[in-house]
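Each chain, written out:
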Amino acid sequence: MAASASPDGAVTQRIVIENCALATVDAQDTEYATGHVVVAGNLIESVGAGKAPEGLPGVVRRVDGTGHLVTPGLVNTHHHFYQWLTRGLATDHNLFNWLVALYPTWARIDAPMLAAATQGSLGMMVKGGVTTAADHHYVFPRGSGDLVGAELAAAAEIGARITLARGSMDRSEKDGGLPPDFAVETAEGALLATEEAIDKHHDASFGSMVHIAAAPCSPFSVSTELMREGAALARRKGVRMHTHGSETVEEEKFCHELFGMGPTDYFESTGWLGDDVWMAHCVHMNDSDIAAFARTGTGVAHCPSSNARLAAGIARVPDMLAAGVPVGLGVDGTASNESGELHTELRNALLINRLGAHREAALTARKALRLGTYGGAQVLGRTAEIGSLEAGKLADLVLWKLDGLGHSSIADPVTALVFGPPAPVTLSLVGGRPVVEDNHLSNVDEDALARTARAEAQRLARIAAGD
């Protein structure tokens, strides 16, 4: 194999992982019972059976993957990082009541709080195998500082790729919405701020660490003007679009009462269906809704644990997949999924969907893994870069330890990962750089992170209480 070199003549540094099982999640679902991955710089150079090729130049690290499974890094398609500061509250509420209970607290968030919450939320996901995460941040209180900048700086320290969906709300209580009046922006202000975030931070290049999406919050917290103009802005700027859709029966009723149509028809009327759009939840979708998503290529972020926590219902994921709808997995905010880990969503997606109409045929272990990897990359528009283990793609991958007690009697490694208890992460790479080693974050002090997050959560609670 020829050595690759940088323009200054230096040989590319390589990491070799071998003696491991591999699930590539490529188009053929290629797997190797014992194989290798060679990482060259920030890219996957080769994947295959048996040992890595001999005589590779520039090898700086060799990893013996015996007892491990290598998969693509997990891709989280929906989250609200700021909610790390309000976990464990309103635990017996449905969505609308939960929002009403928590909006007044969320509306007091500031930049240091969001930075701490970002590192708590993202750090927990990265420890569990996430290498790319989408965060939908839509709370921008006046005087709170540079929230977008604070979040991106905090995420950069963790080392994961980020799609920051710059959200917005302009429909408050006085307009028939749920957020308090002091928690929303004007439509004009939100659009200007979204455009500024795109111009300042969005990087469309191959291997980018930061994407920005335009993301008005939901039909019940956003005006029709903001929805339509947000779509126009996103398409003018060439970025993706994200919002919540069809999450609850209450939302369905709200849309019919206010707009005279259901959520999917409303989204189509405002320009919010297309292959540059993905929606969170999509629990209450009829056949025509699913057909519209399939026809337009609109993606779905499936959040099984949050849907259960808020009693929203069971999304029709098997029917969406059968129709050709792009589907990925999402943690959702940690105020509605306190564990905050995407690898548990592999298992929960499989189990919860088997409670639906398709029963045991709903999902398999490998379909669940695909949702959490390639499906997420598809939803975020990054399948050319991530989501499968293939030569030329970014070296975003996870080495899962499966030889401990918890997985000791499950012979098939993919079944062990999905059906078994959470697997420890021995190594996780983002662009060839370690972000987790031996089940600990590589780039930040976890104990210090926990102390800061706890202090900021307490400060937020005091401010919200008027102390």
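Provided above is the structure to which this section pertains.
Residues numbered from 1 in each chain as written. Predicted model: local features only at pLDDT ≥ 70, side-chain atom pairs only at ≥ 80, totals over all residues. Heavy atoms only, no water.

In this structure, what is going on with the overall build of the protein chain? I would like to understand it.
If you tally the helices and strands in the protein chain, you get 14 helices and 17 strands. Computed over its C-alpha atoms, the radius of gyration of the protein chain comes to 22 Å, within 12% of the 23 Å expected for a compact globule of 467 residues. Projected onto its principal axes, the C-alpha positions of the protein chain cover 70 × 45 × 45 Å. Put simply, the protein chain has 467 residues, and 58% of those count as buried. Sequence separation of 24 or more characterises 73% of the internal contacts of the protein chain that already satisfy a separation of 6 or more. Total accessible area on the protein chain stands at roughly 17,100 Å², and carbon and sulfur atoms take up 52% of it. Side chains of the protein chain give 36 positive and 55 negative charges; the mean places of these two sets differ by 2 Å. (Helix = DSSP H or I, 4+ residues; strand = E, 2+ residues; numbered from the N terminus. Rg over C-alpha atoms; globule rule 2.2 N^0.38 Å. Buried < 20%, exposed > 50% of the residue type's maximum accessible area, 1.4 Å probe, protein only. Contact = heavy atoms within 4.5 Å. Areas by Shrake-Rupley, 256 points an atom, 1.4 Å probe, with all protein chains shown as cover. Lys, Arg positive; Asp, Glu negative; His and termini not counted. Charge placed at Lys NZ, Arg CZ, Asp CG, Glu CD.)

Hey, could you run me through the side chain of Thr-224 in this one?
When you line up the elements, Thr-224 lands in helix 5 (residues 224-237). For Thr-224, the residues in contact, after removing those within four places along its chain, are Arg-171, Phe-259, Tyr-266 and Thr-270.

When you look at helix 5 in this model, what are you seeing that I'm missing?
An α-helical turn contains 3.6 residues, so any two residues separated by three or four positions project in the same direction. Over its 14 residues, helix 5 extends 20 Å from the first C-alpha to the last, a length consistent with the 20 Å expected when each residue adds 1.5 Å. For helix 5, every residue scored as buried is listed here: Thr-224, Leu-226, Met-227, Gly-230, Ala-231, Leu-233 and Ala-234. In this structure, the buried side of helix 5 is in contact with strand 8 (161-168), helix 4 (187-201), strand 9 (210-216), strand 10 (241-245), helix 6 (249-259) and helix 7 (263-269). Where helix 5 terminates, the next one or two residues include Gly-238, which has phi positive at roughly 75 degrees. (Expected span 1.5 Å × (residues − 1).)

In this structure, what is going on with the pairing of strand 5 (residues 68-72)? I would like to understand it.
Look at any regular strand and the pattern is simple: side chains alternate between the two faces of the sheet. Along strand 5, 5 of the 5 residues are buried, which leaves the element largely enclosed by surrounding structure. Where strand 1 (residues 14-23) and strand 5 come together, 2 bridges link them in parallel fashion. In the sheet register, Ala-21 faces strand 5, and the bridge partner there is Leu-69. As paired strands, strand 5 and strand 14 (residues 397-401) are joined by 5 bridges and run antiparallel to one another. Following the sheet pairing, Pro-72 is matched in strand 14 by Leu-397. (Pairing = 2+ DSSP bridges.)

What is the right way to read the nonpolar core from this model?
Within soluble globular proteins, side chains that are nonpolar generally end up buried alongside one another. Membership of the largest hydrophobic core comes to 112 residues, with the highest contact counts inside it found for Trp-98, Trp-106, Leu-122 and Met-320. Leave out the neighbours within four places in its chain, and Met-320 touches Cys-282, Met-285, Ile-290, Val-300, Ala-315, Val-325 and Val-327. Within the second largest apolar cluster, 15 residues are counted, among which are Ile-15, Ala-395, Leu-397 and Leu-399. (Core = buried A, V, L, I, M, F, W, Y, C linked by side-chain atoms within 4.5 Å.)

Would you mind going over the packing of aromatic side chains with me for this structure?
Pairs of aromatic rings are described using the distance from one ring centre to the other and the angle between the two planes. Applying the stated criterion to the full structure yields 9 aromatic pairs. Geometrically, the ring pair formed by Tyr-82 and Trp-106 is edge-to-face, given 5.2 Å between the ring centres and 85 degrees between the ring planes. Here Trp-106 lies in helix 1 (residues 95-106) and Tyr-82 lies in the loop between strand 6 (74-76) and helix 1, a separation of 24 residues in the sequence. Pair check on accessibility: Tyr-82 and Trp-106 agree, each one buried. Sitting over the ring of Phe-140, Arg-166 keeps its end group 3.5 Å from the ring centre. (Phe/Tyr/Trp six-rings, centres within 6.5 Å; stacked < 30°, edge-to-face > 60°. Lys NZ or Arg CZ within 6 Å of the ring centre and 35° of its normal.)

What exactly am I supposed to notice about the pattern of salt bridges here?
Applying the stated criterion to the full structure yields 23 salt bridges. The closest approach of N and O atoms between Lys-393 and Glu-390, which form a salt bridge, is 3.5 Å. Where salt bridges share partners, they join Glu-195, Asp-199, Arg-236 and Lys-237 into one cluster. (Salt bridge = Lys/Arg side-chain N within 4 Å of Asp/Glu carboxyl O.)

When you look at the state of the cysteines in this model, what are you seeing that I'm missing?
Disulfides are covalent bonds that link the sulfur atoms of two cysteine residues. Taken as a whole, this structure holds 0 disulfides when the rule is applied. Free of any disulfide, Cys-217 has its nearest cysteine sulfur in Cys-255, 13 Å distant. Cys-303 provides the cysteine sulfur closest to Cys-282, a residue in no disulfide bond, and the two sulfurs are 9.4 Å apart. A relative accessible area of 1% means that Cys-282 is categorised as buried. (Disulfide = S-S within 2.5 Å.)

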